[in-house]
Amino acid sequence: YDDRTVSGVFQRLFSFSSPKKRMMERRSTQRGRTCFPSRMGLYWDPEENREREIMEKMTLLIVDDEARIRTLIAKYAAFEGYETEEAENGMQAVEKCRKQNYDLIIMDVMMPELDGFSAASMIRKEDDRIPLIMLSARGEEYDKLFGFELGIDDYVVKPFSPKELMARVNAV
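So, here's what we can say about the structure.

Calculation rules
- Residues numbered from 1 in each chain as written.
- Predicted model: local features only at pLDDT ≥ 70, side-chain atom pairs only at ≥ 80, totals over all residues.
- Heavy atoms only, no water.
- Pairing = 2+ DSSP bridges.
- Helix = DSSP H or I, 4+ residues; strand = E, 2+ residues; numbered from the N terminus.
- Axes fitted to C-alpha atoms, helices over the stretch in contact; angles between N-to-C directions.
- Parallel < 35°, antiparallel > 145°, perpendicular 65-115°, else oblique.
- Left-handed = near helix turned anticlockwise from the far one by under 90°.
- Contact = heavy atoms within 4.5 Å.
- Nonpolar A, V, L, I, M, F, W, Y, C, P; charged D, E, K, R; others polar.

## Some details on the sheet that holds strand β7 (residues 154–157)
- Here we have 5 strands laid out as an open sheet, ordered β4-β3-β5-β6-β7, and parallel in their pairing. At either end of the open sheet lies a strand with only one pairing partner, and these are β4 (83–87) and β7. Pairs of neighbouring strands in the sheet enclose a mean axial angle of 20°, with direction left out of account.
- Bridge count for strand β5 (residues 104–108) against strand β6 (residues 132–136) is 4 bridges, and the pairing is parallel. The partner of M107 across the bridge, within β6, is M134.

## Thoughts on the packing of helix α4 (residues 67–80) against helix α8 (residues 162–171)
- Between α4 and α8, the least distance of the axes is 10 Å, while the angle of their chain directions is 55°. It follows that α4 is oblique to α8 by the angle criterion. Where α4 crosses over α8, the handedness of that crossing is right-handed. Where α4 approaches α8, its residues L72, I73, Y76, A77 and E80 are matched on the opposing element by P162, K163, L165, M166 and N170.
- When grouped by side-chain class, the residues that make up the contact of α4 with α8 number 7 nonpolar, 1 polar and 2 charged.

Everything listed here is a matter of geometry and, on its own, says nothing about what the molecule does.
Laid out in structure tokens, this is it:
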């Protein structure tokens, strides 16, 4: 242990803090931050986690023909610490994947110009290592099975919870 962690343990053991403050300390240490008690509450050293944040920056490609859904997913992804790029249809997604490497793709199935299944198969032909999560209103079993045969990693049915989608992104 370094000095800050050890002193933090002693302060927590021998201080008479409120239950709310102890709960804040537990939550903050669960997020991977080293916390330092102060009179104003808890604070953490942002320099300590900067290297980890840089290494964990992932770029997601969000492909959907509805701008509201793209914006919603992008906001939740930014809150989780991801960088995002957007495409309106399958053709734009394939072109962007040829120009840049993405860490994960979230793609709708029903889109103009090129549907999600066709775009996913074209992307898989060029690079089969990019994780793909399909997002669709088509929730029938045969649609899901067809997607998994193409090599997608997960299938989320609309309407969806953005929190659940981000949990699936973190899991993939």
